[in-house]
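Letter by letter, the chains look like this.
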Amino acid sequence: MLGDKKVLFSGMQATGNLTLGNYIGALKNWLTLQDEFETFYCVVDLHSITVRQDPAELRSRARKLLTLYIAAGLDPEKNCIYYQSHVSGHAELSWILNCFTYMGELNRMTQFKDKAAKHADNINAGLFTYPVLMAADILLYQADVVPVGKDQLQHLEITRDIAQRFNAIYGDVFTIPEPYIGKTGAKIMSLQDPEKKMSKSDENPNASIYLMDDKDTIIRKFKRAVTDSEANIAYNDEQKGIHNLIDIYSVCTGKTPDEVVSEFAGKGYGDFKLAVGESVADMLAPMQARFAELEKDKAYIDSVIKNNAEKANYFAQKTLRKVQKKVGFPEKIR
Ligand code: ATP
Ligand code: LTN
């Protein structure tokens with residue numbers, strides 16, 4: 001708790017361009033939670049370098065991502081929006097937690113296996129201990145809830161295990177965090193392969209809707225979306241492509257999947273795909289306009305970065321000092 005509010009922490013990597021999956025699975029839920037919780041929304045740039053990055057590009061993407069958080073509707077006066085690399089406590093706590101995490105646990109992480117397969121030429125130790133840094137992010141702020149997409153549940157589970165292990169040895173140091181998964185659209189699938197999740201690192205640009213895609217591009221991508229030959233708009237596990245489009249439309253319009261199915265009863269896939277494309281473009285338009293404005297206001301974004309890094313540091317240091325004392329590091333002489 002911070003004051004009378006529970007604490008919420010979440011973050012995204014500044015790798016690639018954000019997709020509709022990131023928006024629906026993460027950002028959109030964040031917006032609805034900003035009043036209820038004391039929130040920390042981080043641009044996790046330390047995590048980004050677990051795969052090789054071009055420095056100038058990483059810097060530019062990280063700033064864009066931070067700006068996008070605000071453009072999407074997170075008020076930086078109410079939400080602590082900051083760069084992970086500006087708060088050294090993340091790396092410091094991560095080291096300590098590394099010493100409370102087992103190789104066997106990390107070996108089971110499916111994201112590690114996927115990323116190791118994808119980047120076989122660079123299976124570095126950071127990629128392996130990625131979940132420990134994520135645990136540090138969360139535990140540093142004593143977060144009660146962590147809104148993420150379903151793919152991150154395994155990382156939340158290991159975070160809880162590490163925290164419980166630490167608490168069992170040293171007493172109640174860390175709050176045990178709970179995952180928060182949005183009701184609809186917890187997993188948005190690729191438009192080109194509905195068996196795979198929509199991912200910003202997908203090589204095929206037609207597989208993902210990027211948050212900065214214009215209306216024509218969005219509609220064209222939905223028109224090309226892979227579906228099936230049933231020619232029937234129904235919500236079931238066999239018609240995975242249509243299922244995904246119904247999920248997306250349902251999030252954009254606020255209608256339930258059943259309502260969507262009745263709305264399009266007897267209509268063709270062409271009509272439905274067009275409607276989905278339009279609803280997505282309409283949902284994204286205000287954010288795109290706001291982003292363009294904010295990007296021009298360098299002084300304002302700089303002030304958000306500075307003020308929120310200070311705020312995050314303050315809370316991070318509180319937990320870090322407590323942990324350092326527990327494990328036996330000597331107190332600093334001031
Ligand atoms: P990458 O392709 O680089 O691994 P990603 O697109 O999977 O990236 P992340 O940065 O790993 O995105 O995730 C940011 C947030 O978006 C996380 O909370 C994650 O659960 C959520 N998310 C990512 N993809 C989807 C998706 N297809 N559907 C729902 N949520 C998603
Ligand atoms: N691993 C997450 C990003 C992430 C995160 C976090 C999410 C890093 N630290 C802390 C929630 C809480 C991802 O790849 N989506």
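Before going into details, it helps to say that this report is about the structure given with it.

The rules behind the values
- Residues numbered from 1 in each chain as written.
- Chains lettered and ligands numbered in written order.
- Predicted model: local features only at pLDDT ≥ 70, side-chain atom pairs only at ≥ 80, totals over all residues.
- Heavy atoms only, no water.
- Phe/Tyr/Trp six-rings, centres within 6.5 Å; stacked < 30°, edge-to-face > 60°.
- Helix = DSSP H or I, 4+ residues; strand = E, 2+ residues; numbered from the N terminus.
- Buried < 20%, exposed > 50% of the residue type's maximum accessible area, 1.4 Å probe, protein only.
- Near = heavy atom within 4 Å.
- Polar contact = N/O pair within 3.5 Å; in protein donor to acceptor, adjacent residues only side chain to side chain.
- Areas by Shrake-Rupley, 256 points an atom, 1.4 Å probe, with all protein chains shown as cover.
- Nonpolar A, V, L, I, M, F, W, Y, C, P; charged D, E, K, R; others polar.
- Axes fitted to C-alpha atoms, helices over the stretch in contact; angles between N-to-C directions.
- Parallel < 35°, antiparallel > 145°, perpendicular 65-115°, else oblique.
- Left-handed = near helix turned anticlockwise from the far one by under 90°.
- Contact = heavy atoms within 4.5 Å.
- Pairing = 2+ DSSP bridges.
- Salt bridge = Lys/Arg side-chain N within 4 Å of Asp/Glu carboxyl O.

**Examining the packing of aromatic side chains**
Then step 1. In the structure shown here, the tally under the stated rule is 15 aromatic pairs.
Then step 2. On the numbers, 5.5 Å between centres and 15 degrees between planes, the contact of Phe 9 with Tyr 141 is stacked. A residue pair is termed long-range when its members are at least 10 positions apart, and Phe 9 in strand β1 (residues 7–12) and Tyr 141 in the loop between α8 (130–140) and β4 (145–147) qualify at 132 residues. The exposure classification of Phe 9 matches that of Tyr 141, with both residues buried.

**Concerning the site of ligand 1**
Then step 1. For ligand 1, the set of nearby residues contains 21 residues, the closest of which are Asp 151, Ile 188, Lys 197, Ser 199 and Ser 201.
Then step 2. With respect to ligand 1, the side chain of Lys 115 contributes an N or O atom lying 3.0 Å from an oxygen atom.
Then step 3. Here an oxygen atom of ligand 1 sits 2.4 Å away from a polar atom, N or O, in the side chain of Ser 199.
Then step 4. Protein contacts shield 95% of the accessible area of ligand 1, which totals 600 Å² for the unbound molecule.
Then step 5. If you tally residues by element for the shell around ligand 1, the top one is helix α1 (residues 20–33), at four residues.
Then step 6. Looking at the shell around ligand 1, its residues break down into six nonpolar, ten polar and five charged.

**A word on the packing of α1 against helix α13 (residues 269–296)**
Then step 1. Taken N-terminus to C-terminus, the directions of α1 and α13 make an angle of 65 degrees; their axes are 13 Å apart at the nearest point. Between α1 and α13, the angle is such that the two are roughly perpendicular. Read as a crossing pair, α1 and α13 show a hand that is left-handed. Within the contact between the two elements, α1 uses Leu 20, Tyr 23, Ile 24 and Lys 28 and α13 uses Val 280, Met 283, Leu 284 and Met 287.
Then step 2. Of the residues that constitute the contact of α1 with α13, the class distribution is seven nonpolar, no polar and one charged.

**Re the environment of Gly 21**
Then step 1. Position of Gly 21 relative to the elements: it lies in helix α1.
Then step 2. Owing to a relative accessible area of 18%, Gly 21 belongs among the buried residues under this scheme.
Then step 3. Between the C-alpha atoms of Gly 21 and Ser 48, which are 27 residues apart in sequence, the distance is 18 Å.
Then step 4. Not counting the four nearest positions on each side in its chain, Gly 21 is found in contact with Ala 26, Ile 188 and Met 198.

**Re the pairing of strand β3 (residues 79–83)**
Then step 1. Across the five residues that make up β3, a large majority, five, are buried.
Then step 2. Neither face of β3 is open: one carries Asn 79, Ile 81 and Tyr 83, the other Cys 80 and Tyr 82, and all of them are buried.
Then step 3. Inspection of the sheet shows strand β2 (residues 38–43) paired to β3 by five bridges, in the parallel sense. Across the sheet, the residue bridging to Cys 42 is Tyr 82, located in β3.

**Some details on the side chain of Ser 199**
Then step 1. Checked against the element boundaries, Ser 199 lands in the loop between β5 (178–180) and α10 (215–223).
Then step 2. Here Ser 199 falls in the buried class, since its relative accessible area comes to 18%.
Then step 3. Not counting the four nearest positions on each side in its chain, Ser 199 is found in contact with Thr 19 and Ser 208.

**As for the pattern of salt bridges**
Then step 1. Within this structure, the stated rule accounts for 15 salt bridges.
Then step 2. Linking Asp 202 and Lys 196 is a salt bridge whose minimum nitrogen-to-oxygen distance equals 3.5 Å.
Then step 3. By relative accessible area, which is 15% here, Asp 202 ends up buried.
Then step 4. Among the salt bridges present, the one from Glu 310 reaches Lys 306, with a minimum N-O distance of 3.5 Å. Taken together, the positions of Glu 310 and Lys 306, both in helix α14 (residues 298–327) and four residues apart, correspond to about one turn of that helix.

Such coordinate-based values are descriptive only and should not be taken to indicate function.
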